[in-house]
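# Breakdown of the fold
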Amino acid sequence: MKRYDLIIVGAGPSGLSAAIEAAKRGMNVIVFDENERPGGQLFKQIHKFFGSKEHKAKVRGFVIGKQLLDEAAETGVKVILNATVIGLYQDKEIVVKIGEAVEHYKGNSIIIATGAAENMVTFPGWTLPGVIGAGAAQTMMNIHGVKPGSKILMLGSGNVGLVVGFQLLQCGCEIAALVDAAPRIGGYGVHAAKLARTGVPFYLSHTIVEAEGDACVTGVTIAEIDSSFNFIPGTEKHFDVDTICMAVGLSPMSQLLKMAGCKMEDNPKRGGQVPICDEYGRTSIPGIFVAGDVSGIEEASSAMIEGRMAGIAAAEYLGYIDENELNKELASLDKALSGLRQGMFAPENRGRLIEKTDEGIAVSDSLLKKGYVADDEIERFPGFTHTKGIHPVMECTQNIPCNPCQDACPKGCIKIGKDITALPAVDDSVSCIGCGMCVASCSGQAIFLVDETYEEGYASITMPYEFFPLPEIGIKGKALGRDGQIVCEAEVINVKSLPAFDKTNLLTIKVPVEYASKARFFKAE
Amino acid sequence: METRIENHPILGDTKKGKPVTFTYNDMEVQGYEGEPIAAALKAAGIMVHRYTKKEHKPRGIFCAIGRCTDCVMVVDGKPNIRTCVTPLKQGMKVQTQYGVSADTFDKQQRGV
Ligand SMILES: Cc1cc2nc3c(=O)[nH]c(=O)nc-3n(C[C@H](O)[C@H](O)[C@H](O)COP(=O)(O)OP(=O)(O)OC[C@H]3O[C@@H](n4cnc5c(N)ncnc54)[C@H](O)[C@@H]3O)c2cc1C
Ligand code: SF4
Ligand code: SF4
Ligand code: FES
């Protein structure tokens, strides 16, 4: 039987990060992953990540994935693909199925980084072809280059539903509706707003009555539900769709840990059945560690830090580093991780209704129910000003761990401060040069440049634009509001695409000045 | 094939293998070498991969990562092949799976 210092199951962000840290300290590391390619969820994620510089904020998920793979190769990590680990025993032996062969390996330490599986909900017709998981949609469009459908209903308003919904629009699909049984949108408001301004309608407190079709989905009916989950008669709405996409949560894939005899618990805040472990991933069995979504559903950014922690803890367990070094290394990672776990969406706030921001501003009710901040709510947030000349307008109204906008501005116009969950504010004392770096770096596509004095009677609005075809200068069309409804006529006056913008194009339109605070999207005629 | 994403605003052109021809039941279909069989079928607008054994209910792609077995078909005579994780090759013979066979339920009942 082959023996390694460290065996890692799962080559996602957490598993790879763990492998890199352990290999750097001289350990002999092997990683198994069931897929044909490594990277876990990262290669399906094409949006810019939140966080701060140390969390690789504003870098797109698949680019982070490439960086991790390069680093793993440099440090000599061995990754075995198409290899499904089917057994884990207390004595740290694993059973792995590679093709038709079943092999046994022994590790002096083990890190389980198997990630999560998608949940599903059932309704009449849910097994019809055309009902797919959100992960399947991502795999089809972002890995294989095939559209998952043409007209789609998205079920689930968490970050996965919102992000995958936007990705569907980017590859040319139409979203008929975004539906959630909960009374409020679960994911980040900025993600919801990106969809809402293109015209995607949100139906909260609604769920699917049935999917229609004989051989495959041809339509769907939804209806409103009351607080005890019963359909309210007369509220049915029908959509002609060919695809229903489910994004109804993830559950940790912790079966291997249970099999090995690790102590487990049912913890809804961590997403279900999870191993009992300390903050560095040490389970109840010495030498078996966990990292990433398998120990509690979070994000790739936190999964990478958890992976690094577990890798370092495993190095200490086997004596590759001493306790002093361990504590030193973990202290800085602790700081990075706690930075991500703050704000309105922090794990301890799951399921809680928050009425005010940390700044004491009433949150936007419309954002939680309809996916956009209403015109009469937006003025109260510190990112929204009417400064003379060109200036940034940040429509970022929830306390989320994110600050690339502040780092992006060469002039210092945008202030978040030390606390990365604070709302971005405009510093009126410095003048904006209109370079657009903030617009392109905003992970939430929530920054616009507005010039209310662009021309006599006209304002210019610059917005992030990640769709094809890219409108050309001179093209006329309609400006849409935050709610996706037409507000006025508009003309494209500039299109800027720079390498530094990393594929976020900057589209500038001209609108009558009275619509400067309303126009937030453009649709060509 | 308009279901193919030719030019993506973030990902650019999707890298494809060389074009290949395979058969789906008796129909000739084009796809790209190395992509999952299921991706080629989806691009060709084919949704139903199999019918369940007992209730004869249609199934198609659901998870696309090899976990749910909804997408299994008879490939080169072998049943239960997960088409979402099986790479396409030139000349492959892909058939709808009825229960665990490529024969329709009618044919299975008549025992021919
Ligand atoms: C649509 C979407 C959007 C997201 N957006 C963001 C975001 O903006 N920012 C952010 O930080 N996070 C985001 N996330 C979350 C992030 O992707 C996950 O939290 C992260 O990928 C978890 O990393 P992981 O390494 O724990 O698991 P994974 O990435 O899931 O990797 C686990 C790997 O282990 C493999 N595996 C599992 N079991 C076995 C086994 N028995 N044998 C062999 N291999 C096995 C799996 O196939 C997989 O490759 C998003 C997730 C989704 C779905
Ligand atoms: S446009 Fe440039 S100068 Fe103006 S706020 Fe944005 S980054 Fe700063
Ligand atoms: S405005 Fe700043 S803090 Fe808000 S999403 Fe954009 S980059 Fe992040
Ligand atoms: S679609 Fe689930 S196994 Fe292929």
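See the structure above.
Now for a description of the structure that goes with this document.

So, about the overall build of chain A. A count of helices and strands for chain A gives twelve helices and 28 strands. Compactness check: chain A gives a C-alpha radius of gyration of 24 Å against a globular reference of 24 Å for 525 residues, within 12% of the reference. Along the three orthogonal principal directions, the C-alpha set of chain A runs to about 80 × 60 × 40 Å. By residue count, 58% of the 525 residues in chain A fall in the buried class. Within chain A, contacts between residues separated by at least 24 positions form 62% of all contacts whose residues are at least 6 apart in sequence. For chain A, the accessible area works out to roughly 20,600 Å², and carbon and sulfur atoms hold 51% of it.

Next up on the list: the interface of chain B and chain A. Many analyses report the size of an interface as the accessible area lost when the parts associate. Contacts between chain B and chain A engage 27 residues on the former and 41 residues on the latter. In total, about 2,800 Å² of surface goes out of reach between chain B and chain A, with carbon and sulfur atoms giving 65% of it. The tally of links between chain B and chain A comes to one salt bridge. The closest approach of N and O atoms between E34 of chain A and R67 of chain B, which form a salt bridge, is 2.7 Å. For the side of chain B that touches chain A, the elements supplying multiple residues, two or more each, are helix 1 (37–43) and strand 4 (58–59) of chain B. It is helix 1 of chain B that provides the largest number of residues to the side of chain B that touches chain A, a total of three residues. Classifying every residue of the side of chain B that touches chain A by side-chain character gives 16 nonpolar, five polar and six charged.

Before going further, it helps to spend a moment on the site of ligand 2. All residues adjacent to ligand 2 are P392, C409, P410, C413, C432, I433, G434, C435, G436, C438 and L449 of chain A. Looking at the shell around ligand 2 residue by residue, the classes come out as nine nonpolar, two polar and no charged.

Turning our attention to the packing of aromatic side chains. Residues and elements named next belong to chain A. As enumerated under the stated definition, the model contains 13 aromatic pairs over all chains in all. Relative to Y105, the ring of Y4 has its centre 6.3 Å away and its plane inclined at 40°; by these criteria the two rings are tilted. You can see Y4 sitting in strand 1 (residues 2–9) and its partner Y105 sitting in strand 6 (residues 101–112), a full 101 residues away along the chain. Through pairs of rings, three or more aromatic residues link up here, namely F166, Y465, F467 and F521. Here K194 stacks its cationic end above the ring of F166, 4.3 Å away from the centre of that ring. Over the ring of Y458 we find K510, and its NZ or CZ is 4.8 Å from the ring centre.

Around ligand 1 there are 34 residues in total, and D33, E34, H47, A300 and S301 of chain A lie nearest to it. Looking at the residues close to ligand 1, they fall on chains A and B. At 2.8 Å from an oxygen atom of ligand 1 is found a side-chain nitrogen or oxygen belonging to N35 of chain A. The contact in question runs from an oxygen atom of ligand 1 to an N or O atom on the side chain of Q45 of chain A, over 2.7 Å. For the shell around ligand 1, the class distribution of residues is 14 nonpolar, 14 polar and six charged.

Attention shifts here to the pattern of salt bridges. Evaluation of the coordinates by the stated rule reveals 27 salt bridges over all chains. Here D365 of chain A makes a salt bridge to K369 of chain A, at a shortest N to O gap of 3.3 Å. On the criterion of helical spacing, the pair formed by D365 of chain A and K369 of chain A is a turn pair, its members being four residues apart in helix 9 (residues 365–370). The exposure class of K369 of chain A is partly exposed, given its relative accessible area of 40%. Across the salt bridge formed by E35 of chain B and R4 of chain B, the nearest N and O atoms sit 2.7 Å from each other. Residue E35 of chain B is located in the loop between strand 2 (27–32) and helix 1, and its partner R4 of chain B is located in the segment before strand 1 (19–24); the two are separated by 31 residues in the primary sequence. This pair shows no difference in class: E35 of chain B is buried, exactly as R4 of chain B is. Each of the salt bridges in this network shares a partner with another, and the network as a whole consists of E21, K24, R25, R308 and E329 of chain A.

Our focus in this paragraph is helix 4 (residues 159–170) of chain A. Residue and element names in this part refer to chain A. Over its twelve residues, helix 4 extends 16 Å from the first C-alpha to the last, a length consistent with the 16 Å expected when each residue adds 1.5 Å. Taken as a whole, helix 4 has its buried residues at G161, L162, V163, V164, G165, F166, Q167, L168, L169 and Q170. Those residues of helix 4 that are buried lie in contact with helix 3 (134–143), strand 9 (151–155), strand 10 (174–180), helix 5 (189–196) and strand 11 (202–204). Positive backbone phi, at 100°, marks G172, one or two positions downstream of helix 4.

Parameters at a glance
Within each chain, residue numbers correspond to sequence positions counted from 1 in written order. Written order decides the labels, with chains lettered from A and ligands numbered from 1. It should be noted that, the model being predicted, local features are given only for residues of pLDDT at least 70 and side-chain atom pairs only at 80 or more, the latter also being counted only at that level, while totals for whole chains, interfaces and linings use all residues. Side-chain metrics rest on all non-hydrogen atoms present in the structure, leaving aside hydrogens and water. Helix and strand assignments come from DSSP, with helices taken as H or I runs of at least 4 residues and strands as E runs of at least 2, each series counted from the N terminus. Using C-alpha atoms as the atom set, the radius of gyration is obtained and then compared with a globule rule of 2.2 Å times the number of residues to the power 0.38. For every residue, the accessible area obtained with a 1.4 Å probe (protein chains only) is divided by the maximum for its type, and the residue is called buried under 20%, exposed over 50%, and partly exposed between those limits. The contact definition used throughout considers only heavy atoms, calling two residues in contact when any of these lie within 4.5 Å. Exposure was quantified through the Shrake-Rupley algorithm and a 1.4 Å probe, taking into account, for residues, occlusion by the shown protein chains and nothing else. Two parts lose some accessible area (1.4 Å probe) when they are put together, and adding that loss for both gives the buried area. Whenever Lys or Arg places a side-chain nitrogen within 4 Å of a carboxyl oxygen from Asp or Glu, that contact is recorded as a salt bridge. Each residue is assigned to one of three groups, with Ala, Val, Leu, Ile, Met, Phe, Trp, Tyr, Cys and Pro labelled nonpolar, Asp, Glu, Lys and Arg labelled charged, and all others, Gly among them, labelled polar. Throughout, near means a residue has at least one heavy atom within 4 Å of the molecule or strand. Side-chain rings of Phe, Tyr and Trp (the six-membered ring for Trp) are treated as a pair once their centres are within 6.5 Å; stacked means planes under 30 degrees apart, edge-to-face means over 60, and tilted covers the remaining angles. In this scheme, Lys NZ or Arg CZ marks a charge over a ring once it lies within 6 Å of the ring centre and within 35 degrees of the ring normal. Residues adjacent in sequence count toward polar contacts only when both atoms are side-chain atoms; beyond that, a polar contact is any pair of N or O atoms within 3.5 Å, and within protein one must be able to donate a hydrogen and the other to accept it. By this rule the span expected of a helix is its residue count minus one, scaled by 1.5 Å.

That's the geometry; what it means functionally is another story.
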